[in-house]
Amino acid sequence: RLGSCFMPEPATALVFRDLAETGRSLVADLEACGARFLFGAELLEFLRTDEAAGTPVLGGLFATAAGEILAVRAGAVVAAGGGPCALFGLNVAGPGGDGAFAATLVRAGAQIVNPGFCQFKWHELPGMKFFDFARLGCPGAAVIGPDGRAREIPQNLKDLVADRLRHCPVAYGLPDAALDLYLVGNLHRKGWAEIVASDGQRLRIALFAHAANAGVRIDADGRTGSPGLFAAGECASGMHGAN
């Protein structure tokens, strides 16, 4: 158990040390119940009776790993295709998605809500190592602006570092967002900020898209409003608001 972003106490986050083995166990249990997995298949479109609004979703049309086109009928479809952050050139959205899944849901009759809400985190370039904001609170820490001049981090911003360490994503509504805005105000043309740490080390950091709080509108039962189509996970919003 670990502390989580914005809630360092109590320790409410559970971390799986071997997520791959957890996944294999889950697959085995579901297959034992009769579930069928189409690993490597890509959803092309949802199957519907026609394209009129409110038309029931009857399944999905897939391109298999072998290059075949396969129609899968279903009494109900639960869409869990992830969020849009892979659309950004710099992202830590994870492998497997291109970020365009929401468009497929919209074509099936779902409605997007909160499209402007997306989480960003600072990572180092190259290598994408998570940037430790504690480095900005040390004596002598500075930012090199686009003009090439090094400016020491103002003390009033250093005083916010302890609060900034309590969460990974940028949080616009919190006082420590002043640190993020200071870095954004010193971005170079290609979108990165250059930091000089107290030990003299220079590093480049940039904002990476991490997770979306937008998605398709759902009700408390996961229904999208398009008959037969449900949504869950990062592709869904609605009852979660813009959280």
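Structure: see above.
Residues numbered from 1 in each chain as written. Predicted model: local features only at pLDDT ≥ 70, side-chain atom pairs only at ≥ 80, totals over all residues. Heavy atoms only, no water.

Is there a simple way to explain the sheet that holds strand β11 (residues 215-217) in this structure?
Paired through backbone hydrogen bonds, the strands of a sheet run either parallel or antiparallel to each other. Read across the open sheet, the 3 strands follow the order β5-β11-β13; overall the sheet is mixed. Strand pairing shows two members of the sheet lacking a second neighbour, β5 (112-113) and β13 (236-237), which therefore form its edges. As judged from the 2 bridges shared by β11 and β13, these two strands associate in the parallel manner. In the sheet register, V216 faces β13, and the bridge partner there is A236. (Pairing = 2+ DSSP bridges. Helix = DSSP H or I, 4+ residues; strand = E, 2+ residues; numbered from the N terminus.)

Could you clarify how one ought to interpret the packing of aromatic side chains in this entry?
Each aromatic ring pair is summarised here by two numbers: the centre-to-centre distance and the angle between the ring planes. Following the criterion strictly, the structure yields 4 aromatic pairs and no others. With centroids separated by 5.3 Å and ring planes inclined at 5°, the aromatic side chains of F37 and F39 adopt a geometry described as stacked. Its relative accessible area of 60% is what places F39 among the exposed residues. Between F131 and F133, the aromatic rings sit 5.2 Å apart at their centres with planes inclined by 65°, giving edge-to-face as the arrangement. Assigned by exposure class, F131 and F133 land together as buried. The ring of F133 has R164 sitting right over it, with the charged end atom 4.2 Å from the ring centre. A cation over a ring is seen here: R204 above W192, with NZ or CZ 3.8 Å from the ring centre. (Phe/Tyr/Trp six-rings, centres within 6.5 Å; stacked < 30°, edge-to-face > 60°. Buried < 20%, exposed > 50% of the residue type's maximum accessible area, 1.4 Å probe, protein only. Lys NZ or Arg CZ within 6 Å of the ring centre and 35° of its normal.)

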